[in-house]
Amino acid sequence: MHRMFATAVAAALTWTGLATAQVPDVEIPYERFELDNGLTVIVHEDRKAPIVAVSMWYGVGSADEPEGKTGFAHLFEHLMFNGSENYNDDYFGPFEQVGATGMNGTTWFDRTNYFQTVPTPALEMALWMESDRMTNLLGAVDQDRLDEQRGVVQNEKRQGDNQPYGMVQYSQLRALFPEGHPYAHSTIGSMEDLEAASLEDVYSWFRQYYGATNAVLVLAGDIDAEEARPLVQRYFGDAPVGPPLNRINEWVPERRYDTTEVLYDDVPQARIYRTWVVPGRTTEERAELELFATALGGGRTSRLYEDFVFDRQVATSASAWVQEHQLASMFNVIITLNPGEDVAAASARLDEMVEEMMAEGVTAEELEAAVTRTNAGVVRGLEQIGGFGGKAVTLAQGELYAGDPGFWRTYLERLNSATPEAVTATAREWLNTGSHEIHVLPFGDHESVETDADRSALPVVASTPELVWPDVQTAELSNGVDLVFVRRDAVPVVEMQMVFDAGYAADSAAGGQLGLADFTMNMLDEGAGRMNALEIAAEAERLGAQLSTGAGLDTSSVTLSALRANLRESVELMATVITDPSFASDDIERVRQMTLSGIQQEMANPIAIALRMLPPEMFGEGHAYSVPFTGSGNPETVSGFTRDDLLAHQAAWLRPDNATLFVVGDTTLEEITSVVERAFRRWDAPNTPLPQKNLSEAQNGQGRVIIVDRPNSPQSLILAGLIGPSGSVENPEVYGAMNDAIGGSFSARVNMNLREDKGWSYGAQTLLWGARGQRPWLVYAPVQTDRTTDSLSELMREFNEFTSTNPATPEELERSINNNTRSLPGQFETASAVRGSLVSSHNLGRDWNYPATLTERYRNLELETIHAAAREVVQPDQLVWLIIGDAALIEDGIRELGLGEVEVRSLGE
């Protein structure tokens, strides 16, 4: 029988199994209403936590920018965070005070959105703030503010361009979209256009696009439409209507030929990007093409991954997906080749595989796995109300792009009803051609009205709901594993994490085999029991489960997110991966090459370079934390790993008497104990003692500077470190509040200086790295090259003053207290967040209800205690500075600062 005909027959015979696929049984009930001025409001009630997501979406993005104004939509988004006429100050300040979470703004081709999740008592303040910048912005924008944010955005662009493969998007868009198409330029824009932006541009943009008729407001969480309507009317009813906006709703340019372009970049591996322009996000074709993309390259069981990465091992990654937009979408394939592989041969093989798949068709099994994966992802995403995803985003996108807040269900219905024949036919059509269509719709009759909103003062947030910590139950399995359980039934999902006391720090106990812990954990799901890596991935997809393995600094873990209906089988899969890894020689060599390629990628990334090099310089030889904080080790040790090394690490560390299982989700302690006992019934602890990590106390030395020479780098990455207090101290909130003041938040001194005041950096901060032992206190500041010396001087001035003449102020302490206490309800909305807190408490020796004690702990803080913590931790003269940049341009200036002995190294030393 001809192969193509045989495949079609097989698909037809097996399709009846997938015909029963259904949209997940999850709802997002909402009420929609419109103010007289045209503002669309959508309200979703979700009372699981005393928080409300406020999500404001404007129908304007980089696609609306005229010629010579590229990057302006994103620049304007930044200006929206710099104050309004009635609150002329940084936008983040009041929200930090009330404990907002998931707060940000983003810009893309078709939209600009602003969002924050606030405790319920702070909702009116959030509406006041959102409506004031929508209604009363322009009086607060002057030339200094425009120049400041222009510098910040230009540094953001430099930072993106400085990343490996960071220049690819510019070429993609120029080639795919003809001149005059709204998508022919990137959202970040060009330096020249950003420099040319004027105040008149700001005023014109605001008046044209930030009117009520071009906006969607979504309120999701602890509120209903009856409560929302008068609040929204009060604060938004007087917002300007805005002019009518003529729109192009669809423009898929027709491309008749394949084109090829060659770019050169400072990267260790060749990478192939292939993109087709396909229909927009609200079309049925887009849904079918996403299923085709998932089968082609959507995971480890996909055709591309199996061929390029698993079988022939010529690449470290191979993926395909659809990037959806309003006018047109992009069907993307990316293949990252191993060093030395033939790019032309890989491109030819990609041709063969795409043509073969369109000829033979998507199989029923591939389609079923793709649909299950999408359904499971939607279920998990809808647990959260706000942030970058969740319910508020889902409703807003539906309204803005499709005129239907419930469009997410239409999209899922299309996915679940798709057939292999339809998916294949759509791919055959749209991976070759496209079309263009225009719709003109009536504008409608709208007007602004007077409201009673008081603009003279910001609404006071007088109270914040206390965090109520869930009941924690514990048990011990028959083999000695401790089980920690919390019931959460918001969605039918169970989150599990088996945690071992190991991590990167365990490498020091293995004779300095750097990277062994991470390598061993990465090998667990590469083959276990009778399954190879692809079969493990296929089984997880069949079950709608997410299974991952990995290591951190102190712990190694295996994490499972299981659907309630498939809990037993999912736990069995997790147990097989933990207790019976194959460690096959072919898999070891494949993962070894991927790890070595990953290390090469790290050496092309300034942040990764710093995280590899700085910890050993701080902690010194032999300490458990004197390892690259990327966990990947180094080429010499990774090249020498053997199967016996992996087995030895598994036997020493991955054992029941060194494990704790954390479970949060829609089950009971009795049920999960029974399921886990059965799954791990053959896993027993050995008689050998547990190995020990060297976590002895390390000392800071004299300050010094290491310059890592990266010629022609457009930025200098500054990373500095000191050895701070242990993560398991009794009063970590003291150090947290201290760090918040100097550099731990957006409005902290370091960021406000280098980003907001000077415009030299896209963002700068200080942080206490999470660790059980002594926590590194790190300084992070990517800055433009010509301001490297100035930035170092400013950082030293800030640190010296912070520990002497200008210590933390009462206002800074109050801001930290408010932010850290009022954000608690929003921090632990999801089951995975609760699980993460339990894991952290276990690692640091804290009570399970530690988050619930934070409010009292922070409220009891005294200013002098913060000052003492600053003097203890912040020792400017002992900082180890690691600066990655063009040494020829920065070395002389750095030496003049007298920060200590200066050493210049080449990459790779």
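Whatever comes next refers back to the structure up there.
What you see is a predicted model; the values in this text were computed from it and never measured. (Residues numbered from 1 in each chain as written. Predicted model: local features only at pLDDT ≥ 70, side-chain atom pairs only at ≥ 80, totals over all residues. Heavy atoms only, no water.)

## Concerning the pairing of strand β14 (residues 493-500)
Rule in force here: Using a 1.4 Å probe on the protein chains alone, a residue whose accessible area is under 20% of its type maximum counts as buried, one over 50% counts as exposed, and one in between counts as partly exposed. Each helix corresponds to a stretch of at least 4 residues labelled H or I by DSSP, and each strand to a stretch of at least 2 residues labelled E; elements are numbered beginning at the N terminus. Being paired, for any two strands, means DSSP has found at least two bridges between them.
In terms of burial, β14 is largely enclosed, as eight of its eight residues are buried. Neither face of β14 is exposed, since V493, E495, Q497 and V499 on one face and V494, M496, M498 and F500 on the opposite face are all buried. Both β14 and strand β18 (residues 556-563) contribute to a ladder of eight bridges, which runs antiparallel. Bridging from a neighbouring strand, V494 pairs with A562 of β18. Bridging between β14 and strand β19 (residues 659-665) involves seven bridges; their strand directions are antiparallel. The residue of β19 that forms the bridge with V499 is T660.

## A word on helix α24 (residues 669-679)
Side chains of residues three or four places apart in an α-helix project in the same direction, reflecting 3.6 residues per turn. Rules: The arc refers to the directions leading from the helix axis to the C-beta atoms. Contacts are assigned to residue pairs with any non-hydrogen atoms lying within 4.5 Å of each other.
Every buried residue belonging to α24 is among L669, I672, T673, V675, V676 and A679, and all of these are buried. All buried residues of α24 lie within an arc of 165° about the axis, which places them on one face of the element. Structurally, α24 contributes buried residues whose contacts are with β12 (473-476), β13 (482-487), β14, α19 (567-579) and β19.

## Quick notes on the packing of aromatic side chains
Heads up, the rule is: Only centres within 6.5 Å qualify two rings of Phe, Tyr or Trp (six-membered ring in Trp) as a pair; their planes then separate them into stacked at under 30 degrees, edge-to-face at over 60, and tilted for everything else. Here, over-ring charges are defined by two tests on the NZ atom of lysine or the CZ atom of arginine: distance to the ring centre within 6 Å, and angle to the ring normal within 35 degrees.
Tallied over the entire structure, the rule returns 27 aromatic pairs. Relative to Y210, the ring of F206 has its centre 6.1 Å away and its plane inclined at 20°; by these criteria the two rings are stacked. Pair check on accessibility: F206 and Y210 agree, each one buried. An aromatic cluster is present here, built from Y58, F76, F81, Y91, F92, F95, Y114, F206, Y210 and F746 joined pairwise through their rings. Over the ring of Y850 we find R846; its NZ or CZ atom is 4.4 Å from the centre of that ring.

## A few points about helix α27 (residues 788-802)
Operational definition: What a helix should span is 1.5 Å times the count of its residues minus one.
Helix length check: α27 (15 residues) gives 21 Å between terminal C-alpha atoms against 21 Å at 1.5 Å per residue, within 8%. All buried positions along α27 are accounted for by T788, S791, L792, E794, L795, M796, E798, F799 and F802.

## Focus on the sheet that holds β12
This is how it is decided: To obtain an axis, a line is fitted to C-alpha atoms, over the contacting stretch when the element is a helix, and the angle between two such axes runs from 0 to 180 degrees between their N-to-C directions.
Spatially, six strands are ordered β12-β13-β19-β14-β18-β17 in an open sheet, and the strand pairing comes out mixed. Edge positions in the open sheet fall to β12 and β17 (546-551), since each of these has one partner strand only. Pairwise comparison of adjacent strand axes, ignoring direction, gives a mean angle of 15° for this sheet. Alignment of β13 against β19, held across six bridges, turns out to be parallel. Paired with D482 across the two strands is T660, which belongs to β19. Contacts between helix α13 (residues 364-381) and the sheet are confined to β14, β17 and β18, with β18 contributing the most and set at about 100° to the helix.

## Focus on empty space enclosed by the protein
As a reminder, the rule being used: Lining residues are defined by having an atom within 4 Å of a point belonging to a cavity or pocket. Those points lie on a 1 Å grid over the protein atoms alone, cavities being sets where a 1.4 Å probe fits but cannot get out and pockets being open sets with protein on both sides within 12 Å along at least five of seven lines. Grid points are joined across faces, edges and corners, and a volume is the space filled by probe spheres set on the points.
Inspection of the entire model under this criterion finds four cavities of 30 Å³ or more. Volume-wise, the second largest cavity comes out at about 60 Å³. If you trace the second largest cavity, you find it lined by Q159, N162, Q163, P606, I607, Q715, S716, L717, Y780 and P782. Of all elements in the fold, only α21 (606-619), β21 (715-726) and β23 (774-784) reach the threshold of two or more residues within the lining of the second largest cavity. Sort the elements by how many residues they give to the lining of the second largest cavity and β21 lands first, with three residues.

## Considerations on the sheet that holds strand β8 (residues 271-278)
Here we have three strands laid out as an open sheet, ordered β8-β10-β9, and antiparallel in their pairing. Each having just a single partner strand, β8 and β9 (315-323) make up the two edges of the open sheet. Sheet twist, expressed as the mean angle between neighbouring strand axes with direction ignored, is 5°. Summarising the sheet, β9 and strand β10 (residues 329-337) pair through eight bridges and their orientation is antiparallel. Looking at β10, one finds that Q323 is bridged to M330. Lying over the sheet, helix α6 (residues 168-176) contacts β8 and β10, oriented at roughly 35° with respect to β8.

## Let's talk about the pattern of salt bridges
Stated precisely, the cut-off is as follows: For this document, the term salt bridge refers to a Lys or Arg side-chain nitrogen within 4 Å of an Asp or Glu carboxyl oxygen.
Under the counting rule described, the total for this entry stands at 59 salt bridges. Salt bridges sharing partners connect three or more residues here, namely E45, R47, D222, D224 and E227.

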